[in-house]
Amino acid sequence: MEHIRDNALLSDDDFDLVDDVDDDRTGASPFNLDDVPVAQEVDEDDAVPQEAIFDGLFLHQEGAPSDGPTWEQTPVSTLNLSSIERMFRVNDRSSAIKLLHRRVNLVLDPDLKLRSDDPTLLWQGSKHFLDFILVVSGQIGLQAFLPKTLADHNFSLTLNLRLQCREFRPKFGKLGFDPTGSMMAIGDGQSTELWLGFSPVANVEDIDIANDSPLLSEKHGDTRLSSLHYRMGVMFLASCLSQIPSIPVHVMFPYGPHTDFKDWKIEDATNVLDLRVIVLRLQDVLLLDRIVQIQWDDFVANAPGSWLMDGWLQQHIPISVACRYGQNQPIASTDRHALRVEARNWNHERDYTNIRYLSMAIATHISCMVVSDWVEIPVDDILSIHEVVYNSPDSDVRRPVDLRSLPLREPETDKEINVYDEEGRRIPRFHGRSRVDGPKCGLLVDLETIPQLFSSYVPHDEHLDLDVDMLDFDEEHGAKIKVYPQAFLRKFGHLQSDSILPHFKTFIKKVQANITRGRRRPNRMDDGDDNDDVDDDVGVINGNLIPPAIIATGCQFYNEVSHRVRPNAGLHEVQQGRITSALSGAYARGTGKRVHSAIMHNCRLTLPHHRYNNSIKLDNVPRDLRLENIYILQLESMDPAKRNGMSIYLDVIVPLARAWSHPHVCDALRPHLAVFVPRAFPQIYQWMTFGITSLLERIWEHQLPLLDLNKKPSPQMIEICAMLERALAYAHTGNAKVLSSSLMKPFWLIRSLLQQGWPTIAPTIRIIATTTLPVSVSPADWPIVARSNLPAIASKRSQVIMYGLDHFEASVFRSHHRWLTHVLSVNNPSATAFMQYDQDLRHAIIIAVVACQSYIADIKTLVTVGITKICTDLESQDTHSSSLEAKIRSLNLKKWLACKHPLSYIDRAFEYLLRAVVSDSGDYSLGLPNPTQEKLSIHDFAKLLVNMSRPTNPVPVAAPLISNSSSPMVFRVALIYMSKFVPRHSPNAATQFLHNAFIIAANHLHINNIPWHLAGGRGRRHSKPHFESWINLGKATQLPTVQSLASQTKNGAAEASQRAQASDTRAAWAACSITLQSLPDFLSRTVPPDEFCMDSVTLDKSDGKDSIVHKTYQWAFAEFDMSRPLHQLAILVGVYVSKLIPDLFYDMDDRPDHESYRTMFAFTKAVREMPWISNSRRKGCKIAAQFVAMVPVYIMAVFDRSSPLHDHFERTKTFPTAWTKKHSNKGIGPLLLIRLGLASARSGRIWKGGIFNIDWSILTRDEVGKLHQKIIETLHDRQFGPYRVGQILFGSAQAQTLGMKTYTYTVNPGVASTSLGKRVASSITAAGGTDDEIEIVEMGAPAARRRRVR
């Protein structure tokens, strides 16, 4: 059983199982407008929401907030599209580039964009396609893969159980369960991906639970099985396959040769992965389906305990899921014979008896072309096809017409008089004459008017009321629409919605009535039964409503050319950021050089936009508008007689596909379409982006010779190039995910793209019309990210994807922090960073932070290189134990690199680092290796940095700096800039100033552990940092006894982290998360608790940052020094008070009368003996963090005569009203100081606050020192010391109550009688006293009385 316990501790977060699987991370996926290449998708905190583009359609009309006077003062030029076309055709790059500095109001020439009602346009909508299909079975087994036949010599499936890395990519449709961690790819067959979905048992057994499950369009996690669950799935399938005689799969150990998963691989138990692929015939699949159904329960029942510990195996059932997308298969042919053949194929393809959900994307192409003239269709030809012709598509009002006597056109308008067939579709009466196979017009959606079409109200048709349930429509908020402007046109582009057009309601309702079980309806538009209370599309069985058989869940409209230039999100030529990758790759090392060489080769041949231009050169390039609707069939709601492929095709797919051509739909849609003549589309993408692509060409022409000479591009040039390529990607996608707000917004691109469409670049980017330095930006004008005070960048994702995180950190920190960041930091400190320090020190700290970030990046590189080499060597040994160690260390290295503060204890950074560096888990409890046994303080660290980086006579670079990295030079540059702010009166003061800046920066970045050199032996002493030698920057206290090896557990790394933090005087700590019993362990820290900061205090914004309250708090946080007795005492008192709240007040009846006490001592003693109670009328007295900050600040401000509060008192002889009000509301004031023994009462005016030094006075400096000494000495008693401190501060009764109520320390047994109704007579005084002798006094039951609380 020991192995089982170990397994529980060793989860997927701790290691990756080392099974030999394929890396299948790339693959097909449904075409989705919301997808963009990974290399161009910005980080979440830098992204622009897609909704902002929709808002931008209307902001320009109402007036948007200004970025500054320069934007408003930039003149707006009116420019025709034909002028931009002319620039492109004559290759006038200079003029196009100059336009990027202008705000442009684009005018579309009437000969380039036609009106949608132009009489020369011939509209068609008869081409339909099936673009995506998702089939989900409703029970255990492989039903989703099985055809509806017992024999088919052409049928085969290919199993591949090595696809652990393949993600389930469909973003539309329904599974009936959450796919997170539940999908296992098992192969391919018949152009279909094969999956096992491990569905919760309840979702399979209860259809209502499955129907209520979220759609795939809703956010979910990683769909892949965890390593443990993947292994379980493979072993189950291997066991099933081994029972098929014709399949050469054998299983030696169905549950593995060992109980502990980490001790074996799949290859040790079965040969199923050695086969790579397994081809199954139809009979094999049928047999495998039966075996899966029969064997699953027994497989689970016989599984060992280690397989059942997390409950996953028992709570899930494997069901089959078949997914096919991107096939773009034509459907709903107008040829009746072809239609029958298609229906038979559908009927043969799959048995739908045990299928629960069928999701599909049905697409229709709307096209139009310009005709030279119109030719009348003979009446006899029309009547030979249509026996009856009607004058209206509406069956309620239409009447038959005599086509022979009906005029062709209306006399007034000369428009064609339309006629309709039995199904309400328009019958053309004219043929358009045009060139055979002539180019069609390009169609886009009018994004400003299209939202009207999604309104729940359909004008002029009272029968098309909205059906909320059927359309899956959010009645409160309406359809959610995302718009994707194309070619910088702003108001014309593509669209995606989570609903479909309400005009489809009638057609869906008709289909619903025809296929739903329990209630069949005639096959017509409206049954006319106005007295039936049940909707036509709702089935009823035994009085119970049946869920709808068909649900519409969304749609997207886009031009078909997208399929030619962008098969999926990752393959569009201009969306890859290739030029940025070519420039940034100049900094690549190792394998990155090969990647850079390949990118350079491609860019030398042709730039990405040139390849795009070549892809649209065809005269007949696709230009139709593709309209896709997403439907979900819930087959368990279908009539059993209709639950077959033929009925699904003829009764569902064909009617829904053809609905687009019905006048109710197409006539409503047409006014919202933009029609571009063939010569303008898709060439408009080239024209409108010509300025951007011309500037990119200039940059490339300038940089290519330098790259050939192995010269590095400037960081400025890389980022400008990245910004331009992102703008270009936006022109082709309209997707906000490619816009980097931190860089593109300050340079006006965000605002210009969203509000005017045309990309306008701020004049701070100087554009020169020659190849000599084509663009430049003054360092002072480069945008700074306020939250980090670092330069804004746009190339991060491109560099990380192409070259890896190490490359990005090395190149960006090396270049940006060397050239750009330091200059900007000097001139542009963050408005809120390090406000508690004076301006000069603040500047120096910011520069020091940048330098230390570069140092952290170099440490990460040092560790990565070292660990990677070790892992490579381990893997080459080709043993199970070495391979497992390599996997574990590599995984923890990745987790450590992902930590925000990798040299701290935060977010388990120390644990991950320890597991990556230390090879033997038995040594985890010893902590990070420190072979030198040396110790280093944060002050020593700062001194080393300054000594090695000073401009004159620096000491040789050695540990902790890494000599062959970029950070030593960064520190040298940083020190030059920091020296501009040092005090000039003394060299020692200047040096101390630099030390302080680096100390504060290191604390800010949580630098607790750094690499150190190896232990020196004979000969030359080691000086270079090594990833296997570490040193802590906090002075160590006595460590707890190390556990024996026999008692160490798998949590050795976590224990080592806790021990390291306990010994690190600079480790962060939180007062609210500790007990008072453990407080002595933290008072030796050099840092205050985390709560002691401005974030814990809510200050009145109306006072302004120059108010006394703000200044005092900033002063206190900046001046705090844990080594000063007053400050340490203040923190201790604050922590104690935070445990006491809300009992900070008193009963008015307990208040002593000042006149009855003849001395100040007696009056103070009487005040201190008052009981501590709460006051329900006082708000905000229950947030402990506030008191950890406010009480110490109040004490420091009152006792320290250099505080801003005292400065104000010296001038006015009173404390500010805002200060008094702020603290008295929480019970913090003179009376609290008196009751705590920190002040004495002089008059009865203390109940109203009183005047400092008149009505109350504080302890002298000597008295504070004595009190501090007494409390610290009292705390040396680890058992009862914290309780005795409570006695000193609150009195025995309250100290006893606090201990019993909060369990935050051990109560002294000598006063246990107080819990029995007895009172302790205490003689604690303000300045000290002893409680060693305690007098117990019997207390009678208090008489009931009404309390008046203050």
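Each remark here, short or long, concerns the structure printed above.
Predicted model, so just to flag it, every value in this text is computed and none were measured. Every residue gets a number counted from 1 within its own chain, in the order that chain's sequence is written. With pLDDT at 70 or above as the cut-off, local features in this predicted model cover only qualifying residues; side-chain atom pairs require 80 or more to be listed or tallied, and sums for whole chains, interfaces and linings still use all residues. Computation of side-chain values covers all heavy atoms of the structure but excludes hydrogens and water.

Caption draft 1: Here's a closer look at the overall build of the protein chain. Think of it this way: any DSSP run of H or I at least four residues long counts as a helix, any run of E at least two long counts as a strand, and we number them from the N terminus. Counting its regular elements, the protein chain contains 47 helices and 32 strands. Burial status across the protein chain gives 56% buried among its 1350 residues. Looking at the protein chain alone, contacts between residues at least 24 apart form 76% of all its contacts between residues at least 6 apart. Only the protein chains shown count as cover for residues, and all accessible areas are computed by the Shrake-Rupley method using a 1.4 Å probe. For the protein chain, the computed accessible surface area is about 58200 Å², with 51% contributed by carbon and sulfur atoms. Exposure classes here rest on a 1.4 Å probe applied to the protein chains alone. A residue is buried below 20% of its type maximum, exposed above 50%, and partly exposed in between. By definition, residues are in contact when any of their heavy atoms lie within 4.5 Å.

Caption draft 2: Up close: the environment of Arg-93. Mapped onto the elements of the fold, Arg-93 is located in helix H5 (residues 93-98). Separated by 602 residues in the primary sequence, Arg-93 and Leu-695 have C-alpha atoms spaced 7.9 Å apart. The residues touching Arg-93, leaving out its near neighbours within four places in the chain, are Phe-690, Ser-694, Glu-697, Arg-698 and Glu-701. Identification of polar contacts relies on pairs of N or O atoms within 3.5 Å, with a donor-acceptor requirement for protein atoms, meaning one able to donate a hydrogen and the other able to accept it, and with residues adjacent in sequence counted only if both atoms are side-chain atoms. Side chain to side chain, Arg-93 and Glu-697 meet in a polar contact 2.6 Å long. A polar contact is formed between the side chain of Arg-93 and the side chain of Glu-701, at a distance of 3.1 Å.

Caption draft 3: Structural detail: the environment of Pro-378. Topologically, Pro-378 is positioned in the loop between strand E11 (373-376) and helix H14 (379-385). Sequence separation between Pro-378 and Phe-430 is 52 residues, and the spatial gap between their C-alpha atoms is 8.7 Å.

Caption draft 4: Representation of the pattern of salt bridges in the model. Should a side-chain nitrogen of Lys or Arg be within 4 Å of a carboxyl oxygen of Asp or Glu, the pair is scored as a salt bridge. A full pass over the atoms with the stated rule returns 34 salt bridges. Between Arg-281 and Asp-284 there is a salt bridge, with its nearest N and O atoms 3.2 Å apart. Across the pair Glu-1210 and Lys-1213 runs a salt bridge whose closest N-O atoms are separated by 3.9 Å. If you follow the salt bridges from partner to partner, you end up with Glu-85, Arg-89, Asp-111 and Arg-679 in one network.

Caption draft 5: Focus on the packing of helix H25 (residues 690-708) against helix H26 (residues 715-733). Angles run from 0 to 180 degrees between N-to-C directions of axes, and those axes are lines fitted to C-alpha atoms, restricted for helices to the stretch in contact. Running from N to C, H25 and H26 point in directions that differ by 150°, and their axes come no closer than 10 Å. Judged by the inter-axis angle, H25 sits roughly antiparallel to H26. Between H25 and H26 lies a crossing whose hand is left-handed. On H26, the residues that touch Ile-692, Thr-693, Leu-695, Leu-696, Ile-699, His-702 and Gln-703 of H25 are Met-717, Ile-720, Cys-721, Leu-724, Glu-725, Ala-727 and Leu-728. Along the lines of polarity and charge, the residues of the contact of H25 with H26 split into ten nonpolar, three polar and one charged. An angle below 35 degrees is treated as roughly parallel, one above 145 as roughly antiparallel, one from 65 to 115 as roughly perpendicular, and anything else as oblique. Crossings are classed by handedness, with left-handed meaning an anticlockwise turn of the near helix from the far one by less than a right angle and right-handed meaning a clockwise turn. Amino acids are sorted into nonpolar (Ala, Val, Leu, Ile, Met, Phe, Trp, Tyr, Cys and Pro), charged (Asp, Glu, Lys and Arg) and polar (every other residue, Gly among them).

Caption draft 6: Inspection of the packing of helix H32 (residues 880-897) against helix H33 (residues 909-917) at higher detail. The geometry of H32 relative to H33 is characterised by a closest axis approach of 8 Å and an angle of 150° between their N-to-C directions. With respect to H33, the axis of H32 lies roughly antiparallel. Along this stretch, H32 crosses H33, giving a crossing that reads as left-handed. For the pair H32 and H33, contact is made by Arg-889, Asn-892, Leu-893, Lys-895 and Trp-896 and by Ala-909, Tyr-912, Leu-913, Arg-915, Ala-916 and Val-917, respectively.

Caption draft 7: Representation of the pairing of strand E21 (residues 625-634) in the model. Judged by how many residues are buried, E21 sits mostly within the fold: ten of ten residues are covered. The pairing of strand E10 (residues 355-370) with E21 spans ten bridges and is classified as antiparallel. Across the sheet, residue Ser-359 finds its bridge partner in E21, namely Ile-632. Strand pairing follows a simple DSSP-based rule, namely that at least 2 bridges must link the two strands.

Caption draft 8: Representation of the packing of aromatic side chains. Note on aromatic pairs: the rings of Phe, Tyr and Trp (six-membered ring only in Trp) are paired at centre separations within 6.5 Å, and the planes decide the class, stacked below 30 degrees, edge-to-face beyond 60, tilted for the rest. Using the criterion set out here, one finds 42 aromatic pairs in the structure. Plain terms: the ring middles of Tyr-1194 and Trp-1219 are 5.5 Å apart, the flat faces sit at 15° to each other, and that makes the pair stacked. On the criterion of sequence distance, the pair formed by Tyr-1194 in helix H41 (residues 1184-1199) and Trp-1219 in helix H43 (residues 1217-1224) is long-range, its members being 25 residues apart. For Trp-1219, a relative accessible area of 1% gives the class buried. On the basis of an interplanar angle of 55° and a centroid distance of 5.0 Å, the ring pair of Phe-1252 and Trp-1256 is categorised as tilted. Given the relative accessible area of 0%, Trp-1256 is considered buried. An aromatic cluster is built from Phe-198, Phe-236, Tyr-255, Phe-261, Trp-264, Trp-296, Phe-299, Trp-307 and Trp-312, whose rings are joined through pairwise contacts. Ring-over charges, as used throughout, are those where CZ of Arg or NZ of Lys falls within 6 Å of the ring centre and within 35 degrees of the ring normal. In this structure, Arg-409 packs its charged tip against the face of Phe-430, placed 4.4 Å from the ring centre. The lysine or arginine in question, Lys-712, covers the ring of Tyr-587, its NZ or CZ lying 5.8 Å from the ring centre.

Any functional reading would require information that these geometric values do not contain.
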